[in-house]
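Fold and geometry: a report
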2 protein chains.
Amino acid sequence: MVATVNENFDLIQNNYLFVEIARRVDEFQKQNPDVDLIKMGIGDVTRPLSKTVVKAFKDAVDEMGNADTFRGYGPEQGYDFLIEKIIENDYEPLGVELKNSEVFISDGAKCDTGNFQELFSQDNIIAVTDPVYPVYVDSNVMAGRSGKPQEDGFYENIVYLPATAENDFIPELPKEDVDIIYLCYPNNPTGTTLTYDQLKQWVDYAKENDALILFDAAYEAFIKSDDVPHSIYEIEGAKDVAIEFKSYSKVAGFTGTRCAYCVVPEEVTIKNSKGEDVQLTPLWNRRQSTKFNGVSYPVQKAAEAIYTPEGKKEIQEDLDYYVKNAQLIRQSLEDLGLDVYGGVDSPYIWVKTPNGIDSWEFFDILLNDANVVSTPGAGFGPSGEGYIRLTAFNTYEKTKEAMERIAQLEF
Amino acid sequence: MVATVNENFDLIQNNYLFVEIARRVDEFQKQNPDVDLIKMGIGDVTRPLSKTVVKAFKDAVDEMGNADTFRGYGPEQGYDFLIEKIIENDYEPLGVELKNSEVFISDGAKCDTGNFQELFSQDNIIAVTDPVYPVYVDSNVMAGRSGKPQEDGFYENIVYLPATAENDFIPELPKEDVDIIYLCYPNNPTGTTLTYDQLKQWVDYAKENDALILFDAAYEAFIKSDDVPHSIYEIEGAKDVAIEFKSYSKVAGFTGTRCAYCVVPEEVTIKNSKGEDVQLTPLWNRRQSTKFNGVSYPVQKAAEAIYTPEGKKEIQEDLDYYVKNAQLIRQSLEDLGLDVYGGVDSPYIWVKTPNGIDSWEFFDILLNDANVVSTPGAGFGPSGEGYIRLTAFNTYEKTKEAMERIAQLEF
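Residues numbered from 1 in each chain as written. Chains lettered and ligands numbered in written order. Predicted model: local features only at pLDDT ≥ 70, side-chain atom pairs only at ≥ 80, totals over all residues. Heavy atoms only, no water.

Our focus in this paragraph is the pattern of salt bridges. When the charged atoms of two side chains lie near each other, side chains of opposite charge can form a pair. Residue and element names in this part refer to chain A. Summed over the entire model, instances satisfying the criterion amount to 50 salt bridges over all chains. Linking K301 and E304 is a salt bridge whose minimum nitrogen-to-oxygen distance equals 3.0 Å. Placement of the pair is K301 and E304 together in helix α9 (residues 297–305), with a separation of three residues, close to one helical turn. Judged by relative accessible area, E304 falls into the buried class, the value being 14%. (Salt bridge = Lys/Arg side-chain N within 4 Å of Asp/Glu carboxyl O. Helix = DSSP H or I, 4+ residues; strand = E, 2+ residues; numbered from the N terminus. Buried < 20%, exposed > 50% of the residue type's maximum accessible area, 1.4 Å probe, protein only.)

Burial analysis of helix α8 (residues 281–291) of chain A places nine of its eleven residues in the buried class, the great majority of the element. Within α8 of chain A, burial applies to T281, L283, W284, R286, R287, Q288, S289, T290 and K291 of chain A.

What follows concerns the packing of helix α10 (residues 309–335) of chain B against helix α12 (residues 396–408) of chain B. Residue and element names in this part refer to chain B. α12 packs onto α10 with a crossing angle of 10° between their chain directions and a minimal axis gap of 10 Å. Considering the angle they form, α10 stands roughly parallel to α12. In this structure, α10 contributes Y321, K324, N325, L328, I329, S332 and L333 to the contact, and α12 contributes Y396, E397, T399, K400, M403 and I406. (Axes fitted to C-alpha atoms, helices over the stretch in contact; angles between N-to-C directions. Parallel < 35°, antiparallel > 145°, perpendicular 65-115°, else oblique. Contact = heavy atoms within 4.5 Å.)

Right, let's talk about the interface of chain B and chain A for a bit. Counting residues at the interface gives 86 residues for chain B, matched by 84 residues for chain A. With both chains or domains summed, chain B and chain A bury close to 6,800 Å², and 58% of this area falls on carbon and sulfur atoms. Our enumeration of links across chain B and chain A arrives at six salt bridges. With its nearest N and O atoms 2.9 Å apart, the salt bridge here joins K110 of chain B to E76 of chain A. The interface formed by chain B and chain A contains 41 residue pairs in polar contact (both at pLDDT 80 or more). Contributions of two or more residues to the side of chain B that touches chain A are made by α2 (51–64), α4 (109–115), α5 (134–142), α7 (249–252), β9 (269–271), α8 (280–291) and α9 (297–305) of chain B. Class assignment of the residues belonging to the side of chain B that touches chain A gives a composition of 36 nonpolar, 29 polar and 21 charged. (Buried area = accessible area lost by both parts, 1.4 Å probe. Polar contact = N/O pair within 3.5 Å; in protein donor to acceptor, adjacent residues only side chain to side chain. Nonpolar A, V, L, I, M, F, W, Y, C, P; charged D, E, K, R; others polar.)

The next point concerns the sheet that holds strand β11 (residues 340–342) of chain A. All names here are of chain A. The strand order across the open sheet formed by four strands is β11-β12-β15-β14, and the pairing between neighbours is antiparallel. Two strands close off the open sheet at either side, each with one partner strand: β11 and β14 (375–376). Both β14 and strand β15 (residues 387–391) contribute to a ladder of two bridges, which runs antiparallel. If you follow T375 over to β15, its bridge partner there is R389. Along the sheet face, helix α10 (residues 309–335) touches β11, β12 (348–352) and β15 and points at about 155° away from the line of β11. (Pairing = 2+ DSSP bridges.)

Residue and element names in this part refer to chain A. If you check UniProt for "binding site: pyridoxal 5'-phosphate" (unreviewed entry), the listed places come out as Y73, A109, K110, Y133, N188, Y219, S247, Y248, S249, R258 and N293 in our numbering. For the residues just named, distributed over 221 residues, the greatest C-alpha separation reaches 34.0 Å, placing them at more than one site. Those annotated residues from the list above that line the second largest cavity are R258. Assignment of secondary structure puts S247 in strand β7 (residues 242–247). (UniProt positions renumbered as here; feature names shortened; annotations may be inferred. 1 Å grid on protein atoms, 1.4 Å probe; cavity = no way out; pocket = protein on both sides within 12 Å on 5 of 7 lines; lining within 4 Å.)

Pasting the structure below:
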C-alpha cells in the first residue's frame, strides 16, 4: 500500500480567483512601483473597527490576561452571550424565532459554506447560480461531487443556473433534479437581490423537491429595499429547507478579525438511504465539535459589541459610507454609458464590459490604464464572462478618483 | 432526487468524549450545587495570557481601530511576521530549515489534524495509536475511511497500535499495510514520549512503506528530557514523510484565544493513482485558500509576542508552573501505590485504575467521592480502558487539594 492523494483536487480549475488577481496585481506593482493602484477587486473593507467594538475587544483581552477572568476553551458552537444577541437583534425583529442551539458561531462564512457540504452524501446533485462565489463549487469539487470540468467551463455533475442581464439576474428554477442549492442574496458577485416573492419560489421548490437551500446572507446588512427579505426565514416554510450563513466581515469590518455564524434550524431535515428524515442541527453540531474549537473569546466579545446601541450607530455610519460609494460608482459608470447592475442593496456593482471585450481583458485594461483593480466576472463562472465586479469598500476619495480615472479611458 | 445525508456520521461512536464528560459534570453539579469540583479532565489551561502577549494583542486591536493601520483579509496561510518567528525560534535552533511557504497558521491543531485528511483518497488505511486523541479517528470516520465499528470498539478499516503499560507505551510498528499514521508525542492522552531512536523507526518505516506520518507535537513545549526530539524533522529524512502540527494552546494559554500552525515541507509527497509523486504543500495551500480565511490579525500579533525575550520568559514561568503540578500529581499518586505514567515531558498524567475497575467507573468515583474531574481512558480508545488521564493545568493550590482528596479515598 502507499499513501494516495485525493485526486479531486486535480479537477479544480485555475487558481482560486482572488489568488490569481493578487498575482496579477503584484506583477503589475513590481513593474510599476510608483503607481498608486486603487483596489476595488477583492471584497475587502477599509473602514476600521468601530470604537465600541475596539473597546469590547480590548476589555476581553484584559480578561484573558487576568487569572480570575481568564477563559480557556469555549463552546465549539460559540458563547451564548453572542448567540442571544444574534437572535434578539438579527431575527426577532423579523418575526423569526430561534433557539440558541440552532445558531453556530464560526470564524467565517467562507469556512461555514465550504465545510457544510461535509454533511451530505457523495451523490447529491449541487446547483449553483452562475456567476457564483467560487467556494461553493470548489469545496464540492474537492469532495468529489462535481465530475470533470468540461470545455465550456462547467463541471459535468453540477447544475448551473445562469443569472445575466438577459433574465434580469433572476435565475430560473432548476429543470434538472437537484438536491442542494446554494443561493447568495444580496448576490456575490452581481449585487442583485431577490424579492420576497422571488425567494418564496425557491423555498417552495425546495419543499416540493426534497432539496436543501444553503442561503448565504453575508451581505444582508446592505439591504435597503422594502421588498427584499433580510433572512430566508422570513419566507414561510424556509425553516424546513434552508441553512442560513451570515458574517460580520462586511457589516462591521471583521474581514481581518474573523467572526461569522450560521443558523441550522431543528426543522431542517434531509434523508438517509432508507428515506428517513435526518436532522442537520445535531450533525453540524457534531462536525463542529470534532473539527473546530470555537472562535477566539475576545473576537466574540468584539462581535457582541456590534449589538450595543452605540455599536449599531457606528456600524450604520460605516454601512452608509459604503452605500454612498456604491451610489457614486453606479452613477459614474452609467454616465459613461456602461450597463451597471447591483449596488443598491449591496456593496457590489456588476458592470457589463463595453464592446463585448472579455472580462479578464477589461480587468487588464482597468489595471494597466486606469490603475484600478476590479474582479473579472469570468472568475465567478461562465455566465460572468462579459462583466466585471467593482466593490464599494474603498474610501470615498479613492472611489471618486477611480471613477475619474475610468472616465478618462476610451472604450 | 432528494438531498441525502453523509451516513458516515452514524458510525461515530457515542458523543465526542469531552462533550460526554461535560454532560456528566453538569449533571453532578446540578445535583450538588455547593460542591467545589476540581477540574483535571479536559486539557484546558488556567494561567492567563502573559503580560507581553496581552499588550501585543491589545496594540493590534488598536491598529484595527485606526483607518491608517487597519487590516482586512490577511493571507489565508498566515502573516509572514509570525511565520518567520516560528521558523527562527521553533525550528532553526533544532537545525531544521523551513521556507515561509511551508508553514501554515491556523486557529487550532484540532482543526488542522481534523481537516488534513481531506487531502487523502478515500481508500487510504489509517493507523492510530491506541489510546488516541479522538479527532484523528472521528474525522476519518466522517470521511468514510473507517468502516463500521465492531463490538470490541475498533473500526474495521482502522489499524490500532496499542500503547499500554505492557509495551512501555511504545507502540509496535504496524504489521498490516497502512498508509497514513497519526502520531502524537508527547502523547495525548498518556503523557509518554518517544526518544530520537524510537521516532526514527517510524520515519524509516514510513519511508520504506510509502506511508505518511501526521505528527501532532502540540505538547512539545513540555519536553525536558534530552533524548526526546522537539520536532519530527530532527529525524533524518522526516521532511519526506511527515506533516507536523503545533499549537499555542498549551504553550501560551491560547485555548480560548485560538492559534496554531502546521508544517508541510515541500519534500513531502504521496502518490496519485498513476503512482506519480504529488506534493502536499500546494494541496494544503489550496485547501486552506478555499475553505479558510486566516487567523484573526490581533491573535497572530499576540502569538508573535510569545517569541519576544519577555514573552519567552513569561511563557516559561507558566510552563514551569504546570510542570510543578505534574510532579506533584505523579508523586502523590505513586505514594498512594497507584501506577502512574507520563507527566515528565508532558502535562498529562496517565493513571492505572486500582483493582481493575473500569475507567468510566473510576471517573465516577473521582467525580462523586473526591469531586475531581478526570478523563476516562476508555474514551481515548479500547486500550485506554483501565486508565484515567489527569492534567497538570489547574492551579497549584487546587491540584494539591485534589491530591489530598484522592488520598482520602479507599480503593
